[in-house]
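# Descriptive structure summary
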Amino acid sequence: MTKQTFLHDKHIKLGAKMVDFAGWDMPVQYTSIIEEHRTVRQNVGLFDVSHMGELIVHGEDALPFLNKLVPQDISKLINQKAVYCQLTNKNGGIIDDLIIYKLEEQKYLIIANASRIDEDLNWMVRSKRGFEVTIVNESHNYSLLAVQGPRACELIKSLGLEELPAFFFIKRAELFDINLWVSRTGYTGEDGVEILVRNEFSEYLWDKLLDAGKEFGIKPIGLGARDTLRLEAALHLYGNDLDENTTPVEAGLAWSIAKNKTEDYNGRRIIENQLKNGTDKKLIGLKMLDRAIARHGYEVYSNNEKIGVITSGGISPIRGDNIALAYIKNLDNLNVGSTIQVMIRDKLHDAEIIKRPFVAKKNKECKNI
Amino acid sequence: MNESMLCTKTHEYVLEQGDKYEIGITDYAIEQLGDIVFIELPETGSVFSKNEAFATIESVKAASEIYMPISGEVVEVNEELVNSPELLNDTSYENKWLIKIKSSANQVEFADLLDYSDYKEEVE
């Protein structure tokens, strides 16, 4: 039985095309993926991402517990600050990628991928022996709405929220007399917020945001555009670009790993060895040199030898070319500027290794208005 | 869509036009695909049997193979669509055929094709 978010009726009424995503019946598009993509890059888009998981970890040992689970240093978090993390196994492989927010002392909120909530919970429960900690799955109580795009913050400010949280911060707020959480995060490469609200208010909030957002050009955005947007921003998708056999170092996420963390964490020995001595495979960004489209699972070649596989690929509506993420053998002669090939329907097509992200991110330098 | 088209269950159509047949995909298929971003068509002179993949159409989300409703030899290819695949989504654009073929298909090949009205009932 596929699950439905509390906004399911809204999507149907808006004429969305629905698809199964991680066991959820979700809108893939309302009008056109390309149009929706442009809306988010030019104005502002509203996403229902209520399928995502919300876990609360609290208790005396919440901090040492989380610090054992991720390579990031949770002790660095001040109240209301968030950090992008990976839940690693003993081999450094990624069980899930998460955002961890420190809500208050000894209380943390974790946003997890819909497809991984059960695995995350299992792993956390199995790891909690010896820690004074409580893990609560709040996923079924909360809806998550993302408001993303260059005009997103303007819109939220116009609703009376004078001071938005700074980049990667969360704050308690009131919008339309509803108590909710607003965080300055997203999955599009644009500035914007994600709003965590109790299910019973989500429909009301959705309607109000669409209504108030009209003058800012707001449109509802489906998961199709969410995927093309995150690919342009070269943000990883769990299950495509990340899995239990891939470490954060291989995934190009070394920047997110704490360098001088005191506590041990799962996979630390392997991860630190890779940081020092390199990895066998590496994540690269590609642009196709012809009109062919590389897709998940296609093989990558160099000098007629198979060297890797595409993990995400598609069109870039903003660049106007076709882009992809791939894992290839970590060979010294294959770097930004090198030409390699992708096997597409039994033919090799040239592709150039290029820098990630494919489209400049706008959220990092966002003004803390 | 033309009422005298014959359709496959995989959403291709064939339409007899004089001594040739026009082959394409149905409006329903286009609607289901969403934004079309890439079309690969065969060269003229290529020969295909019934149910053989002769073209690829890619939407933003995925690549789909297109199959021959009947056997035949390609005599014309819609280059306009190859150059501007998005025209297939344009409701005001009329030349939505992919290829034209010469065919000596017998009645057996036509037996499993659906009349357009039956096809419409099937997909709606």
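Here the structure is a predicted model, which means the values were calculated and not measured.

## As for the pairing of strand β3 (residues 20-25) of chain B
All names here are of chain B. For β3, a buried count of five out of six residues is recorded, marking the element as mostly surrounded by other parts of the structure. Sheet analysis places strand β2 (residues 12-17) next to β3, joined by six bridges and oriented antiparallel. Of the residues in β3, the one forming a bridge with Leu15 is Glu22. Counting the residues that bridge the hairpin from β2 to β3 gives two residues, and of these Gly18 lies at a positive phi of roughly 65 degrees. Where β3 lies against strand β9 (residues 99-102), three bridges are found, and the strand directions are antiparallel. Opposite Ile23, over in β9, you have Ile99 as the bridge partner.

## Re the interface of chain B and chain A
Contact with chain B, which involves 18 residues of that partner, is made by 16 residues of chain A. Roughly 1300 Å² of surface becomes buried between chain B and chain A when both sides are summed, with 48% attributable to carbon and sulfur atoms. The partner of Glu58(B) in a salt bridge is Arg345(A), with the nearest N and O atoms 3.2 Å apart. Summed over the shared surface of chain B and chain A, the number is 14 residue pairs in polar contact (both at pLDDT 80 or more). Only α1 (27-33), β4 (36-40), β6 (53-59), β7 (63-67) and α2 (79-83) of chain B provide two or more residues apiece to the side of chain B that touches chain A.

## Some remarks on the packing of helix α3 (residues 62-69) of chain A against helix α4 (residues 117-127) of chain A
Residues and elements named next belong to chain A. Between α3 and α4, the least distance of the axes is 11 Å, while the angle of their chain directions is 120 degrees. Compared by their axis directions, α3 and α4 come out oblique. Viewed along their axes, α3 and α4 form a crossing whose handedness is right-handed. Taken together, the residues of α4 that come into contact with α3 (itself represented by Phe65, Lys68 and Leu69) are Trp123, Met124 and Ser127. Split by residue class, the contact of α3 with α4 holds four nonpolar, one polar and one charged.

## Some thoughts on the pattern of salt bridges
Per the counting criterion, the structure on display carries 23 salt bridges over all chains. Its salt-bridge partner being Asp211(A), residue Lys214(A) comes within 3.3 Å of it at the nearest N-O pair. Linked through salt bridges whose partners overlap, the residues forming this network are Arg295(A), Arg345(A), Glu40(B) and Glu58(B).

## Re the domain arrangement of chain A
Residue and element names in this part refer to chain A. Taken domain by domain, chain A comprises domain 1 (8-50 + 140-232), domain 2 (54-137) and domain 3 (280-369). Of note, the centres of domain 1 and domain 2, computed from C-alpha atoms alone, are 25 Å apart. Summing both partners gives a buried area of about 1200 Å² for domain 1 against domain 2, and 68% of it is carried by carbon and sulfur. The interface formed by domain 1 and domain 2 holds four residue pairs in polar contact (both at pLDDT 80 or more) in total. Among the secondary structure elements, those contributing two or more residues to the side of domain 1 that touches domain 2 are β9 (142-148), β10 (170-175), β11 (178-183) and β12 (192-198). Of the residues belonging to the side of domain 1 that touches domain 2, the class tally is 10 nonpolar, three polar and two charged.

## A short note on unusual backbone geometry
Residues and elements named next belong to chain A. Backbone torsion omega between Arg356 and Pro357 reads -5 degrees, so that peptide bond is classified as cis. Tracing the backbone through its elements, the reader meets Pro357 in the segment after β19 (347-354). Phi angles above zero are rare outside glycine, and Asp177 is one such case at about 65 degrees. Topologically, Asp177 is positioned in the loop between β10 and β11. Taking relative accessible area as the criterion, Asp177 reaches 70% and is therefore assigned exposed.

## Structural notes on the sheet that holds β19(A)
Residues and elements named next belong to chain A. Around the barrel, which closes on itself, the six strands sit in the order β14-β17-β16-β15-β18-β19 with antiparallel pairing between neighbours. Adjacent strand axes in the sheet meet at a mean angle of 45 degrees when their direction is disregarded. Where strand β15 (residues 299-302) lies against strand β18 (residues 339-344), two bridges are found, and the strand directions are antiparallel. If you follow Tyr301 over to β18, its bridge partner there is Gln341. Against the sheet, helix α7 (residues 223-232) contacts β16 (305-316) and β17 (321-329), and its axis sits at roughly 120 degrees relative to β16.

Parameters at a glance
- Residues numbered from 1 in each chain as written.
- Chains lettered and ligands numbered in written order.
- Predicted model: local features only at pLDDT ≥ 70, side-chain atom pairs only at ≥ 80, totals over all residues.
- Heavy atoms only, no water.
- Buried < 20%, exposed > 50% of the residue type's maximum accessible area, 1.4 Å probe, protein only.
- Helix = DSSP H or I, 4+ residues; strand = E, 2+ residues; numbered from the N terminus.
- Pairing = 2+ DSSP bridges.
- Contact = heavy atoms within 4.5 Å.
- Buried area = accessible area lost by both parts, 1.4 Å probe.
- Salt bridge = Lys/Arg side-chain N within 4 Å of Asp/Glu carboxyl O.
- Polar contact = N/O pair within 3.5 Å; in protein donor to acceptor, adjacent residues only side chain to side chain.
- Axes fitted to C-alpha atoms, helices over the stretch in contact; angles between N-to-C directions.
- Parallel < 35°, antiparallel > 145°, perpendicular 65-115°, else oblique.
- Left-handed = near helix turned anticlockwise from the far one by under 90°.
- Nonpolar A, V, L, I, M, F, W, Y, C, P; charged D, E, K, R; others polar.
- Domains from an automatic or database assignment.

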